[in-house]
Amino acid sequence: MRERQREVQLYRGQIPSPGRPTVAWREDRVRFWSAITRGLKTEDAAREAGVSSPVGFRWFRHAGGVNPHLAPTVTGRFLSFAEREDVAIWRAQQIGVREIARRLNRSPSTISRELRRNASTRTWRLAYKASVAQWHAERRARRPKVAKLIDNERLREYVQDRLSGVVRVLDGRLAGPPGPKWKGRNKPHRGDRRWVRAWSPEQISNRLRVDFPDDASMRISPEAIYQALYVQSRGALRRELVACLRTGRALRVPRPRARQKAWAHVTPEVMISERPAEADDRAVPGHWEGDLLIGLERSAIGTLVERTSRFTMLIHLPREKGYGIIARTKNGPALAGYGALTMKDALATAMSALPEQLRRSLTWDRGKELSAHAAFKVETGIPVFFADPQSPWQRASNENTNGLLRQYFPKGTDLSRWNADEIFAVADTLNSRPRKILGWKTPAEALNELLSIQSTTAVVATTT
């Protein structure tokens, strides 16, 4: 038996330890990357593939976010993993090679070669296991091609210099901050980044043709540079150099996922197309438009505009207790003053004080600050609708009012300085300013006139 093992080892050549075979989960990985291609999040893709979330995140991280394009099935020329499982079972039942070949509709030489080439030689007997055999077959078929950046040192130095080369002042000193230590994460949020030359892979690729017009070896595609940065198996460029890219992201974002927006709170039932038709012609008061004025240091003021009268209400959004003291944590409490629950409570308090005939609907921007709109509707009875993406004209009155408010609350200023009384004073100023679209009436006068007309109509209807 030892001689038999030695013959098989000489036939196959010396190979490294297979370690933990991963080929048994090839179909799972195919389903996982298929889900990623459709734009699913990593956790959802792992659930669809039937694996745990840590496994899915590990597959995504090791691939650098780049789809390895695994074939869903092997071609009929090669044995599949399912066929190798059958071979292992029938071999354990002492079924002969020719009978196995007949059952699989394969040549006997194919089965014989499979048992000699891909059997495990680390046991006393030549044990045949499907997972180890599949690992051997895929390892032998891989034939990895040496990356161009590994093989061409001159090209690699050129790419690294244009990507991560330092920035210097006239006297030769390094310019800019040192930047954070690489921890395998995205660029720091609102923090300094190291100053580098930061050419994009596309700029590097096309500039090579200008600098080396006659040297065909100095050519590389932008995609090859991206894969050298993101895919661990490439290994041509250090992973930390992804921080030199303008996006600074540690993993690539699949294109279908990049097209998606984080607007899970916007469902078809709350789109602006579902808003009552009476809100469009502005004949009936009580339909509002809303948004946020964003200032420095995550400060904000809520704005509400009534569509018919252009009456404006401003919502005071003070920061929560602990802001600036408690470190920001992922999925932690929103302390900036316009978290979902804080925004819902502030809006509910402001709009609950309105007469019932002025609480018909609210049309909001697609911001996540109103993701608790369902609870807001339950508390106030006011349905909330969201505008289409990149369609500010659907909230024209609110956008116009926000522009007027920037006279009092300029961009780049800290809006948390102003208390509720001061914000109310600004709103009263706008509501007492005559407007051309209202026939030079003020919004306050126009709203009072509408309310009086509705009250008279209601009294007449009751008397009749």
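**Student:** How should the side chain of T312 be read in this particular structure?
**Tutor:** On the secondary structure map, T312 appears in strand β3 (residues 312–316). Looking at T312, the relative accessible area reads 3%, which means it is buried. If near-sequence neighbours (up to four positions away) are discounted, T312 is found in contact with L304, V305, T401, A427, L430 and N431.

**Student:** Please explain the packing of helix α14 (residues 340–352) against helix α15 (residues 373–380) as it appears in this structure.
**Tutor:** How two helices pack is summed up by the angle between their axes together with the distance between the axes. In the contact formed by α14 and α15, the axes pass within 10 Å of each other and the chain directions differ by 25 degrees. With respect to each other, α14 and α15 are oriented roughly parallel. Considering only the axes of α14 and α15, their crossing is right-handed. Facing α14, whose interface residues are K344, L347, A348, M351 and S352, α15 presents A375, F376, E379 and T380.

**Student:** Please explain the sheet that holds strand β4 (residues 361–364) as it appears in this structure.
**Tutor:** Paired through their backbone hydrogen bonds, the strands of a sheet run either parallel or antiparallel. The five strands are arranged β3-β2-β1-β4-β5 in an open sheet whose pairing can be described as mixed. Unpaired on one side and paired on the other, β3 and β5 (384–386) mark the two borders of the sheet. Adjacent strand axes in the sheet meet at a mean angle of 25 degrees, parallel and antiparallel pairs treated alike. With five bridges joining them, strand β2 (residues 300–306) and β3 adopt antiparallel strand pairing. Across the sheet, residue T303 finds its bridge partner in β3, namely L314.

**Student:** Just checking my understanding: could you explain the nonpolar core for this structure?
**Tutor:** Generally speaking, soluble globular proteins have nonpolar side chains that are buried together. L304, L347, L362 and W364 are the most contacted members of the largest nonpolar core, which totals 29 residues. Tallying contributions element by element places α14 first for this core, with five residues. Grouped together as the second largest cluster of nonpolar side chains are 24 residues, V66, V196, I204 and V231 included.

Rules behind the numbers
- Residues numbered from 1 in each chain as written.
- Predicted model: local features only at pLDDT ≥ 70, side-chain atom pairs only at ≥ 80, totals over all residues.
- Heavy atoms only, no water.
- Helix = DSSP H or I, 4+ residues; strand = E, 2+ residues; numbered from the N terminus.
- Buried < 20%, exposed > 50% of the residue type's maximum accessible area, 1.4 Å probe, protein only.
- Contact = heavy atoms within 4.5 Å.
- Axes fitted to C-alpha atoms, helices over the stretch in contact; angles between N-to-C directions.
- Parallel < 35°, antiparallel > 145°, perpendicular 65-115°, else oblique.
- Left-handed = near helix turned anticlockwise from the far one by under 90°.
- Pairing = 2+ DSSP bridges.
- Core = buried A, V, L, I, M, F, W, Y, C linked by side-chain atoms within 4.5 Å.

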